[in-house]
Amino acid sequence: MRNNAGPVLELHDVAKTYPGGTRALAGVSLAVGAGTFNAVMGPSGSGKSTFLHCAAGLDQPDSGRVVLAGEDISRLREPRLTRARRERVGFVFQSYNLMESLSVWHNVLLPQRLAGVRPDRKWAREVLRRVGLAGRENARPAQLSGGQRQRTALARALAGRPEVIFADEPTGALDLSTGREVLQLLREAVDEVGTTIVMVTHDPTAASWADRVVFLADGRIVSELADPTTEKVAAAMTAVSHR
Ligand SMILES: Nc1ncnc2c1ncn2[C@@H]1O[C@H](COP(=O)(O)OP(=O)(O)OP(=O)(O)O)[C@@H](O)[C@H]1O
């Protein structure tokens, strides 16, 4: 069930140069449709992390605009930027970023608590069921496998019903079959919950789960692939790397 109800995230000519002079983004424009799964690939140093940080409101571009659910977040100052991020964005990182001292349940509810909203416990239970962690609510992260930790992180991201979930190498620390389970869950979140996902990855197979793949090189979008397969993504990556 993909709703494709117009873009939920738009980048307009976004540029960023780091102190020292590295031009990480050199004018990136992209529209991300609601309820779609998007992968971002590119060689090391092409600007993927910078793109993700600017698109998610973790960092500010020097110029250009980032419009998230109709709000231009690129010029927001703290604390409004933090609020926009907490209310509209979910994150899944390679390293999970769970609070070791909190149970699965409290990890999942933490972003809503930090945002000062009353947690939707019924939905939190439902997302834990969807990611296969019903019954593990009281476990601490240390008691979980890598795959279970990442499924907890995904449940945490889904629990706040964000406009967009940003995933940074979500399968980077997982073995092949565990990574596949996490990708399947990301796919289901898009197809069954209507979530929008933007995922940075180095892995052509991971990218093949997306609806489209955007390729960055030298801080620019240089190509795009719809309905990707592992083979098509790998071929496109080779072409991008040899530019
Ligand atoms: N905080 C920073 N200060 C200075 N330069 C930076 C900073 N962060 C990134 N860069 C530089 O900006 C460019 C883009 O980096 P970025 O991390 O966005 O690329 P990437 O595609 O995510 O790379 P990788 O795949 O290796 O993680 C690189 O040349 C990098 O060295």
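Bear in mind the structure is a predicted one, so any value in this text is a computation, not a measurement.

1. Topic: helix α6 (residues 176–193)
And step 1. Over its 18 residues, α6 extends 25 Å from the first C-alpha to the last, a length consistent with the 26 Å expected when each residue adds 1.5 Å.
And step 2. Taken together, the buried positions of α6 are occupied by Gly-179, Val-182, Leu-183, Leu-185, Leu-186, Ala-189 and Val-190. Along α6, the residues classed as buried sweep out an arc of 150° about the axis, all on the same side. Exposed and facing more than 90 degrees away from the buried side of α6 are Leu-176, Ser-177, Gln-184 and Glu-192.
And step 3. Tucked inside the fold, the buried residues of α6 contact β3 (37–41), α5 (146–159), β7 (164–168), β8 (197–200) and α7 (204–207).

2. Some points on unusual backbone geometry
And step 1. Omega for the bond connecting Glu-78 with Pro-79 falls within 30 degrees of zero, at 5°, which places this linkage in the cis form.
And step 2. Inspection of the secondary structure assignment puts Pro-79 in the loop between β5 (71–72) and α2 (80–88).
And step 3. Despite not being glycine, Arg-161 shows a phi value in the positive range, around 45°.
And step 4. Taking the number of C-beta atoms within 10 Å as the measure of exposure, Arg-161 has 16 and is therefore partly exposed.
And step 5. Within the chain, Glu-169 stands out as a residue other than glycine whose phi angle is a positive 50°.
And step 6. If you trace the backbone, Glu-169 turns up in the loop between β7 and α6.

3. Digging into the site of the ligand
And step 1. Taken together, the neighbourhood of the ligand is formed by Tyr-18, Gly-20, Thr-22, Ala-24, Gly-42, Ser-44, Gly-45, Ser-46, Gly-47, Lys-48, Ser-49 and Thr-50.
And step 2. Take the shell around the ligand: its biggest share by element is three residues, from helix α1 (residues 48–55).
And step 3. Here the residues of the shell around the ligand sort into two nonpolar, nine polar and one charged.

4. Observations concerning the sheet that holds strand β6 (residues 89–93)
And step 1. Read from one edge to the other, the open sheet built from six strands follows the order β6-β7-β8-β3-β9-β10, with strand pairing classed as mixed. A single partner strand is all that each edge strand has here, and the edge strands are β6 and β10 (220–226). Each neighbouring strand pair of the sheet contributes to a mean axis angle of 20°, computed without reference to strand direction.

5. Quick notes on the UniProt feature "domain: ABC transporter" (unreviewed entry) in the chain
And step 1. The positions UniProt marks with the feature "domain: ABC transporter" (unreviewed entry) are residues 9–243.
And step 2. Helix and strand shares over residues 9–243 are 37% and 26% respectively, and the end C-alpha atoms of the span are 28 Å apart.

6. Section: the packing of helix α4 (residues 121–130) against α5
And step 1. Contact geometry for α4 and α5: axes closest at 9 Å, N-to-C directions at 145°. The chirality of how α4 crosses α5 is right-handed. On α5, the residues touching Trp-123, Ala-124, Val-127 and Leu-128 of α4 are Ala-155, Leu-158 and Ala-159.
And step 2. When the residues that make up the contact of α4 with α5 are grouped by side-chain class, the tally is seven nonpolar, no polar and no charged.

7. Notes on the sheet that holds strand β2 (residues 23–33)
And step 1. Here we have four strands laid out as an open sheet, ordered β2-β1-β4-β5, and antiparallel in their pairing. The strands lining the two open edges of the sheet, one partner per strand, are β2 and β5.
And step 2. Of the strand pairs in this sheet, strand β4 (residues 63–68) and β5 are connected by two bridges, and their pairing is antiparallel. By the bridge assignment for β5, Val-67 is matched with Asp-72.

8. Examining the environment of Ala-115
And step 1. As for its position among the elements, Ala-115 is in the loop between α3 (104–114) and α4.
And step 2. Discounting chain neighbours no more than four positions away, the residues touching Ala-115 are Arg-86 and Glu-87.

Basis of the calculations
Residues numbered from 1 in each chain as written. Predicted model: local features only at pLDDT ≥ 70, side-chain atom pairs only at ≥ 80, totals over all residues. Helix = DSSP H or I, 4+ residues; strand = E, 2+ residues; numbered from the N terminus. Expected span 1.5 Å × (residues − 1). Buried ≥ 20, exposed ≤ 12 C-beta atoms within 10 Å, placed from the backbone. Arc of directions from axis to C-beta. Contact = placed C-beta atoms within 7 Å. Near = placed C-beta within 6 Å. Nonpolar A, V, L, I, M, F, W, Y, C, P; charged D, E, K, R; others polar. Pairing = 2+ DSSP bridges. Axes fitted to C-alpha atoms, helices over the stretch in contact; angles between N-to-C directions. UniProt positions renumbered as here; feature names shortened; annotations may be inferred. Left-handed = near helix turned anticlockwise from the far one by under 90°.

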